Amino acid sequence: EAGVAQSPRYKIIEKRQSVAFWCNPISGHATLYWYQQILGQGPKLLIQFQNNGVVDDSQLPKDRFSAERLKGVDSTLKIQPAKLEDSAVYLCASSLRPDRFSYEQYFGPGTRLTVT
Amino acid sequence: DQQVKQNSPSLSVQEGRISILNCDYTNSMFDYFLWYKKYPAEGPTFLISISSIKDKNEDGRFTVFLNKSAKHLSLHIVPSQPGDSAVYFCAASVANTGNQFYFGTGTSLTVIP
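Here the structure is a predicted model, which is why all the values come from computation and not from measurement.

1. Some points on the sheet that holds strand β7 (residues 62–67) of chain B
Residue and element names in this part refer to chain B. One open sheet accounts for 5 strands, arranged β1-β3-β8-β7-β6; its pairing is antiparallel. Taken across any chain shown, the strands that pair with only one partner, and hence form the sheet edges, are β1 (4–5) and β6 (56–59). Pairing between β7 and strand β8 (residues 72–77): 6 bridges, direction antiparallel. Pairing of Thr-63 across the sheet is with His-76, part of β8.

Now the structure itself:
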């Protein structure tokens, strides 16, 4: 079974530029999550999708971050414009079951973003 | 506001000995806890979980203990193996917040052969 795929693996941009990350979850997984992990911190949930609908985006900085999950499969996370404090690893995860006990969140390898 | 804390950034243990990783939380509403393991350049992988109705859960070499009154949980690895060297994150969840888990800052475990 293929795991969660993410691209690119690394990205370096200048502040005020735009960037987009892509995630392909495990086939059949209805729930998709985007996390931000700043160096020295644990992952922080940015947004959670159930199929192509948003379940929770309370911690997404909506003035600069946007995410979509068209057709309930792949997802993209965009930052526009980027700030220095956006430097982090962006993790995508998916799970089969939508309820809170779907602790089996499968994570992708992450995209390491550096904003200079 | 860090609701889940792992106060030890790193831990070194001899192979064959016990590794104890600690986690403290501040939100008394948390009722489900997990441990994730992360190797470099990989995403976290689920390790073990515990519900607040229990105080212990065991899976092979891994045991998680929960002390609700102290708002503390710990992960015991016995015996420790070099392949256990990784960063370990604890995470906690509240029932009415859907599936959002709050993660600690991680503890880097090194098992010395």
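2. Focus: the interface of chain A and chain B
Contacts between the two partners involve 23 residues from chain A and, on the opposite side, 22 residues from chain B. A buried area of about 1,700 Å², summed over both sides, lies between chain A and chain B, and 53% of it is on carbon and sulfur atoms. Applying the counting criterion to the chain A and chain B interface returns 3 residue pairs in polar contact (both at pLDDT 80 or more). Elements with a minimum of two residues in the side of chain A that touches chain B: β4 (31–37) and β5 (44–50) of chain A. Sorting elements by how many residues they give to the side of chain A that touches chain B places β4(A) first, with 3 residues. Split into classes, the residues belonging to the side of chain A that touches chain B amount to 9 nonpolar, 10 polar and 4 charged.

3. As for the pairing of strand β9 (residues 86–94) of chain B
Residues and elements named next belong to chain B. The buried count for β9 comes to 8 of 9 residues, which makes it a mostly enclosed element. Pairing analysis gives 8 bridges linking strand β4 (residues 30–38) to β9, with the strands arranged antiparallel. In the sheet register, Trp-35 faces β9, and the bridge partner there is Cys-90. Direction of pairing for β9 relative to strand β10 (residues 101–103): antiparallel, over a ladder of 3 bridges. By the bridge assignment for β10, Ser-93 is matched with Phe-101.

4. Notes on the packing of aromatic side chains
Centre distance and the angle of the planes are the two values used to describe a pair of aromatic rings. Residue and element names in this part refer to chain B. Inspection of every chain in the model, using the stated rule, returns 12 aromatic pairs over all chains. Judged by centre distance (6.1 Å) and plane angle (75°), the rings of Tyr-36 and Phe-46 are edge-to-face. Of this pair, Tyr-36 sits in strand β4 while Phe-46 sits in strand β5 (residues 45–51), and the two are 10 residues apart along the sequence. Judged by its relative accessible area of 1%, Tyr-36 falls in the buried class. Note on Phe-46: relative accessible area 27%, which makes it partly exposed.

5. Structural notes on the pairing of β6(B)
Residues and elements named next belong to chain B. One ladder, built from 4 bridges, connects β6 with β7; its direction is antiparallel. In the strand pairing of β7, Glu-58 is matched with Thr-63. Between β6 and β7, which pair antiparallel in sequence order, lie 2 residues; one of them, Gly-60, sits at a positive phi of approximately 65°.

6. Examining the state of the cysteines
Residues and elements named next belong to chain A. Going through the model one piece at a time under the given rule, you end up with 2 disulfides over all chains. The disulfide partner of Cys-23 is Cys-92, and the S-S distance across this bridge is 1.9 Å. Between Cys-23 and Cys-92 the sulfur-sulfur dihedral comes to about -70°; the bridge is accordingly left-handed. Here Cys-23, found in strand β3 (residues 19–24), pairs with Cys-92, found in strand β9 (residues 88–95); they are 69 residues apart in sequence, far enough to count as distant. As far as burial versus exposure is concerned, Cys-23 and Cys-92 are alike and both buried.

7. A few points about the nonpolar core
Membership of the largest hydrophobic core comes to 24 residues, with the highest contact counts inside it found for B:Phe33, B:Trp35, B:Leu73, B:Leu75 and B:Tyr88. Of all the elements in the fold, those that place two or more residues in this core are β3 (19–25), β4, β5, β7, β8, β9 and β11 (107–112) of chain B. Sort the elements by how many residues they give to this core and β9(B) lands first, with 5 residues. Listed in part, the 21 residues of the second largest apolar core include A:Cys23, A:Leu32, A:Trp34 and A:Tyr90.

Conventions and cut-offs
Residues numbered from 1 in each chain as written. Chains lettered and ligands numbered in written order. Predicted model: local features only at pLDDT ≥ 70, side-chain atom pairs only at ≥ 80, totals over all residues. Heavy atoms only, no water. Pairing = 2+ DSSP bridges. Helix = DSSP H or I, 4+ residues; strand = E, 2+ residues; numbered from the N terminus. Contact = heavy atoms within 4.5 Å. Buried area = accessible area lost by both parts, 1.4 Å probe. Polar contact = N/O pair within 3.5 Å; in protein donor to acceptor, adjacent residues only side chain to side chain. Nonpolar A, V, L, I, M, F, W, Y, C, P; charged D, E, K, R; others polar. Buried < 20%, exposed > 50% of the residue type's maximum accessible area, 1.4 Å probe, protein only. Phe/Tyr/Trp six-rings, centres within 6.5 Å; stacked < 30°, edge-to-face > 60°. Disulfide = S-S within 2.5 Å. Core = buried A, V, L, I, M, F, W, Y, C linked by side-chain atoms within 4.5 Å.

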